[in-house]
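# Notes for the structure review
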Amino acid sequence: MDQELIILLVMLGTFLLANFLLHLPVSLGMALGAIMGALVFGLFFGGDISELGRHLFEGPFAYLDTVLIIATAMVFMTAISKSGTMAALNNVIVTRFYKVPVIMLILLMIIVMFPGMITGSSTAGVLSAGAIVAPILILMGVPKEKTGAVIAIGAILGMAAPPVNVPALLIAGGVDMPYSGFEAPLFFITLICGIIAVLMICLRYCRHIRIEDLSSGLDPEISRRHGFKIYLPIIVLAVLLIACRVFPNALPNIGMPLTFLIAAAVACFTGEKFNFINATKESLRTTVPVLGKLMGVGMFIQILTLTGARGWIVGSCIEMSAIEGIGMVLLFIAIAVACPAFGAVSSYGSASVLGVPFLLILIDHFPNGQVVMAAALSCIVCVGDLMPPTALAGNYAAALVEEKYSKVLRHCAVPALITIVLSLIVIIFSETVFSFL
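A few points on the structure. Since this is a predicted model, take the numbers as computed values, not measurements. (Residues numbered from 1 in each chain as written. Predicted model: local features only at pLDDT ≥ 70, side-chain atom pairs only at ≥ 80, totals over all residues. Heavy atoms only, no water.)

### Describing the overall build of the protein
Formally: To qualify as a helix, a DSSP run of H or I must reach at least 4 residues; to qualify as a strand, a run of E must reach at least 2; elements of each kind are numbered from the N terminus. All radius of gyration figures rest on C-alpha atoms, and the globule criterion is 2.2 Å times the number of residues raised to 0.38. Three exposure classes are used, based on accessible area relative to the maximum for each residue type with a 1.4 Å probe and protein chains only: buried under 20%, partly exposed in between, and exposed over 50%. Every accessible area reported is derived by Shrake-Rupley at a probe size of 1.4 Å, with residue values counting cover from the shown protein chains alone. By the counting rule applied here, Lys and Arg register as positive and Asp and Glu as negative, while His and the ends of each chain are not counted. Lysine's charge is taken at NZ, arginine's at CZ, aspartate's at CG and glutamate's at CD.
When helices and strands are counted, the protein shows 22 helices and zero strands. A globule of 437 residues ought to have a C-alpha radius of gyration of about 22 Å, and the protein, at 22 Å, matches this closely. When the backbone C-alpha atoms are referred to their principal axes, the protein occupies close to 70 × 50 × 50 Å. Counting over 437 residues, the protein shows a buried share of 54%. Carbon and sulfur atoms make up 68% of the accessible area of the protein, which totals about 18,200 Å². Side chains of the protein give 21 positive and 22 negative charges; the mean places of these two sets differ by 17 Å.

Here is the structure:
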């Protein structure tokens, strides 16, 4: 048995043991897996033990930029939730479009997706926008378990949508690809899947809506009290994100973390009064598990690369794809099954451990569509947030509507399958998609 395979099995075995048997957080499980892999490599396969500590320390800081983006984006989401911006948006959409349920449902799905789009976390979508949209859908007559499914699907699609897609960042970083040009393919996949999901699940219940039936779930006074200025935080965010890209020579790129903090500070003066310090503490408490996962993934991938286990995975996948006649078929089946399945433990880990080698193989077969393929792979990886037992998006959505997750998951199956299939189609035709987008 290859030494790389032994180390890989030790790392994965330690991780799974810590996560499922000892019920430790995913972040600690990954850290323990990395430590055990480093020890096995150093003690039995001639690794330089003096260097192992340095790699264990460096690994968690590999994704420091991503950690800062997620943390500050969550501060922004908490700020606009406290100030009433999200509630005001919800009220405007429902009151103006309830007679056109197709448009109303699509806009509500975008509201659910929005927190994930800027934080890269499906949990943020469920806990912030999901908590606002779910009562409205239930008042429209959508059953609780189907409402939970819409919130869960919207949250994972928001996680996959630009501008912040953490799995795509991890995959791009793993192959030394700049995180640039991902917006168009990610929007293409996530918007199509989001529209199909919400209309397929909810439209039948929303054909004859009376605004009087929805009044208990809306807060029309918040828009009247604060007027247009309540939307200024989102406008400021959009302007800052777009302006530095449209006018790169005239405006400095201040970075996404500072952009989110500026927009969050604006929210303090445009809506309901709230304590910014307390809101920041609340947002960071919510975000710590996600940030911990990223640090654990960084350590895990650092040791995986150091010991050669990551290269072994790539080599094995290349050998599989080279099997005459059925190699690529097996590869696509592996992508469709393994990426979401590994995401049941950690979608970030799936992106780094599986997404990177899969992309390296695909680049060999489709050399001109790397960005599109990386975007599509990240969408498949994000589906893992629906997979039990962890199922972050699914479990939070089920708790939100007070239903068992098994009932919610049943209605998530078809939209999740559509997302995987569409992503695979985009990969297969990546070169055509790339030239079109």
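### Looking at the pattern of salt bridges
Our working definition: Note on definitions: salt bridges are taken to be side-chain nitrogens of Lys or Arg within 4 Å of carboxyl oxygens of Asp or Glu.
Taken as a whole, this structure holds three salt bridges when the rule is applied. Between K82 and E282 there is a salt bridge, with the nearest N and O atoms lying 3.0 Å from each other. Taken together, the residues span a long stretch of sequence, with K82 in helix 4 (residues 64-83) and E282 in helix 15 (residues 276-306) at a distance of 200 residues. Its relative accessible area of 37% is what places K82 among the partly exposed residues. A salt bridge links E403 to K407, with the nearest nitrogen and oxygen atoms 3.8 Å apart. Judged by its relative accessible area of 24%, E403 is partly exposed. K407 sits in the partly exposed class, given a relative accessible area of 35%.

### Focus: the environment of C206
Inspection of the secondary structure assignment puts C206 in the loop between helix 10 (183-202) and helix 11 (211-214). The class of C206 is buried, set by a relative accessible area of 0%.

### With respect to the environment of L359
To be explicit about the condition: Whether two residues are in contact is decided by their heavy atoms: any pair within 4.5 Å suffices.
Structurally, L359 is set in helix 18 (residues 347-365). In this structure the C-alpha to C-alpha distance between L359 and G174, which are 185 residues apart in sequence, comes to 9.5 Å. With residues near it in sequence (within four places) discarded, L359 still touches I171, V175, M177, Q370, M373, A374 and L377.

### Quick notes on helix 2 (residues 26-44)
Under the convention used in this document: For a helix, the expected span equals 1.5 Å multiplied by the residue count minus one.
Between the first and last C-alpha of helix 2 there are 27 Å, a value that for 19 residues agrees with the 27 Å anticipated at 1.5 Å per step. Burial in helix 2 covers these residues: V26, S27, G29, M30, A31, G33, A34, G37, A38, V40, F41 and G42.

### Observations concerning the nonpolar core
Put simply, the rule reads: For our purposes a nonpolar core is just a set of buried Ala, Val, Leu, Ile, Met, Phe, Trp, Tyr and Cys residues, chained together by side-chain atoms within 4.5 Å.
Grouped together as the largest cluster of nonpolar side chains are 141 residues, with contacts concentrated most on F76 and I335. In terms of residue count, the dominant contributor to this core is helix 19 (residues 370-382) (11 residues). Look past the residues within four positions of F76 in its chain and what remains in contact with it is F114, I118, P233, I234, L237, F260, A263 and A264.

Nothing here speaks to function; it is all geometry.
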